[in-house]
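Here are the chains, one letter per residue:
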Amino acid sequence: MPVLTESLPTDPAAVRREASRRRTFAVISHPDAGKSTLTEALALLARAIQDAGVTHGKSSRHATVSDWMGIEQERGISISSAALQLTYRDTILNVVDTPGHADFSEDTYRVLAAVDSAVMLIDAAKGFEPQTVKLLAVCKARNIPIITVINKWDRPGLDALGLIDDIGERTGMTPVPLTWPAGIAGDFHGLLDIPGKRAFRLEAVDGGAQAATETEVRPAELDPIEAARWVEAEEEAGLVESSNGAFDTAEFAAARQTPVLFAAAAKNFGVSQLLDTLVDLGPAPSPRETLTDEPRPLESPFSGFVFKVQAGQDSSHRDHIAYLRICSGSFERGMVITNQRTGKPFATKYAHRVLGRSREVVDTAWPGDVVGLVNATSLRVGDSLFAEEPVRFPDIPRFSPELFAVARAKDPGRYKQFRRGIEQLEHEGVVQVLRSDLRGDQAPVLAAVGALQFEVAAQRLGTEFNAPTSLDHLTYTLAMAVAPGSTGVPETFRGGEILRRADGEVIAVFGDKWKVGHFRKDYPGVVLEPIGAAI
Ligand code: G4P
């Protein structure tokens, strides 16, 4: 039996102090832009501050990654897709991971509900890429302030002024560079600190295994060739400043301005500037909007919400972890908290966080922190949790699926297990489940934004629910919501069909965007809307 402890009254001054020194953010980027390299570089510099005097060789950088993997294998869960906590200049940085690559799934979008800001990482040679554009749209829909980092400036790439224009056009925000590179892409010599009006020459140490050396220079005192790079940098930065203006905290907070930094994460160039920007300008947790009342003050008793549930990814481990973002008060391990959806209290005996390299038991956590509740099997994505004063936070939006497959129990005798499994996966938000009278309950359509969601669903149906399942992929590529009040809604139509989600949403799925045009002509009484966050 877990030991139940009464939650202790939280000291409001302590909550305010702890919240103000937290920055909870995600790095959004397209695969290969350098997110892992940047995260490691952040960890290297943040740790270098913590363990002053300790040198970190390249081997220890790799150890960081492999240690996580070791824990993942041992525990059968993906720890690196939760959150990493770092300390820099007495500020706690919670880096919430947005799984990409093959792991791309609805979770990738959902974790953005848990952050206060985002770092958008762009490859200097490739500019905006599709996954960045999608993640950016989710951030914009939530008004999340975005810091832009142009990475790989040590490699040949696009022109700096062109990239700045592109950022303005593609994001709808005014880009305001805080640093400007001396040297074109591929010839990265140093950085101008624009607000500080200083110039730093950068040199990689140990091939990027250690923090780069930053030496302040006075361009007027340099030899003409080097001086010319700095003069050009000053001219370009001046051009941008005269057209885009200077950094403005309120504009950044409202996601109308995006500060821009130049970097080469592999060499740790521009990384300390990013850390300083996060600490000095990044938003700290603030009172969270609620559906029940005014925004929840930070000093209120504990509250938070579940933004991700991970379960059964390894058949040998019945691990079920619900990741919680804390919104108010303090979290004490063992405290009794209530799930707003069910009204049921439960004790948080098993709570973990990822701290540096290892998963540690959490004793206390504060607004902005991410905590994993182990074996809290009743929790679902979007659940609001509280102590003492009830609260309901807004639901986490559903996202527009792009992949569709019909699921069927391979053995019709196992239909009961199959149905139970499908319901469970639907509740956990592993996949969206769409149904229609025509297809019947025996063959629901699973819908996802990433193929991994199907793999996880099929594997769990087979191993956890004992209902081996076949998936037949459908050729649909996009979904739209049918607005309430629509008339003459067909069941099927040319190039698509109508399906229903358990939350009552009626969804039309289409082979491609041209079919949407035909549909609108054929069924003028049906109003189509984007699903959830428009992406
Ligand atoms: P991701 O997590 O966004 O997918 O990207 P990741 O960090 O894995 O980086 C993708 C590739 O880009 C890696 O090269 C990495 O070394 C390289 N890279 C990242 N940042 C920089 C940078 O600032 N400058 C340069 N020149 N390269 C960078 P790889 O060849 O795939 O792997 P590796 O052999 O270098 O480890």
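Bear in mind that the values here come from a model prediction, so they are computed numbers and not experimental data.

S.K.: Kindly report on the domain arrangement of the chain, identifying the contributing residues and their values.
M.R.: Domain annotation for the chain reports domain 1 (15–52 + 75–281), domain 2 (296–386) and domain 3 (403–530). Summarising the inter-unit geometry, the C-alpha centres of domain 1 and domain 3 are found 39 Å apart. Between domain 1 and domain 3, the contact holds 5 residues from the first and 6 residues from the second. When the residues that make up the side of domain 1 that touches domain 3 are grouped by side-chain class, the tally is 2 nonpolar, 1 polar and 2 charged.

S.K.: Describe the site of the ligand, listing the residues and the values that go with them.
M.R.: Taken together, 15 residues are adjacent to the ligand, and Gly34, Lys35, Ser36, Thr37 and Ala266 come closest. Per-element tally for the shell around the ligand: the top contributor is helix H2 (residues 35–50), with 3 residues. When its residues are assigned to classes, the shell around the ligand shows 5 nonpolar, 5 polar and 5 charged.

S.K.: An account of the pairing of strand S5 (residues 146–151) is requested, with residue identities and associated values reported.
M.R.: Across the 6 residues of S5, 6 count as buried, placing the element largely inside the fold. Burial of S5 is two-sided: the residues Ile146, Thr148 and Ile150 facing one way and the residues Ile147, Val149 and Asn151 facing the other way are all buried. Direction of pairing for strand S4 (residues 117–123) relative to S5: parallel, over a ladder of 6 bridges. By the bridge assignment for S5, Asp123 is matched with Asn151. One crossover worth recording links S4 to the parallel S5 by way of helix H5 (residues 130–141), and it is right-handed. Bridge count for S5 against strand S11 (residues 257–262) is 3 bridges, and the pairing is parallel. When the sheet's bridge partners are listed, Ile150 is paired in S11 with Phe262.

S.K.: Tell me what's going on with the nonpolar core, and back it up with residues and numbers.
M.R.: Within the largest apolar cluster, 142 residues are counted, with the highest numbers of intra-cluster contacts made by Leu42, Leu112, Ala118, Ala263, Leu324 and Leu446. Here Leu324 is in contact with Gly304, Phe305, Val306, Val370, Val371, Leu373 and Leu385, once residues within four sequence places are set aside.

S.K.: Explain the packing of helix H10 (residues 415–428) against helix H11 (residues 451–463) to me, using residue names and the numbers behind them.
M.R.: Any two packed helices are characterised by the angle at which their axes cross and by the distance between the axes. The N-to-C vectors of H10 and H11 enclose an angle of 140°; their axes lie 10 Å apart at closest approach. Here H10 is positioned oblique relative to H11, judged by the angle of their axes. As for the relative orientation of H10 and H11, their crossing is right-handed in sense. Contact residues: H10 offers Phe418, Gly421 and Leu425, while H11 offers Ala457, Arg460 and Leu461. In the contact of H10 with H11, the residues fall into 4 nonpolar, 1 polar and 1 charged.

The rules behind the values
Residues numbered from 1 in each chain as written. Predicted model: local features only at pLDDT ≥ 70, side-chain atom pairs only at ≥ 80, totals over all residues. Domains from an automatic or database assignment. Contact = placed C-beta atoms within 7 Å. Nonpolar A, V, L, I, M, F, W, Y, C, P; charged D, E, K, R; others polar. Near = placed C-beta within 6 Å. Helix = DSSP H or I, 4+ residues; strand = E, 2+ residues; numbered from the N terminus. Buried ≥ 20, exposed ≤ 12 C-beta atoms within 10 Å, placed from the backbone. Pairing = 2+ DSSP bridges. Right-handed = clockwise from strand over helix to strand, strands pointing away. Core = buried A, V, L, I, M, F, W, Y, C linked by C-beta atoms within 7 Å. Axes fitted to C-alpha atoms, helices over the stretch in contact; angles between N-to-C directions. Parallel < 35°, antiparallel > 145°, perpendicular 65-115°, else oblique. Left-handed = near helix turned anticlockwise from the far one by under 90°.

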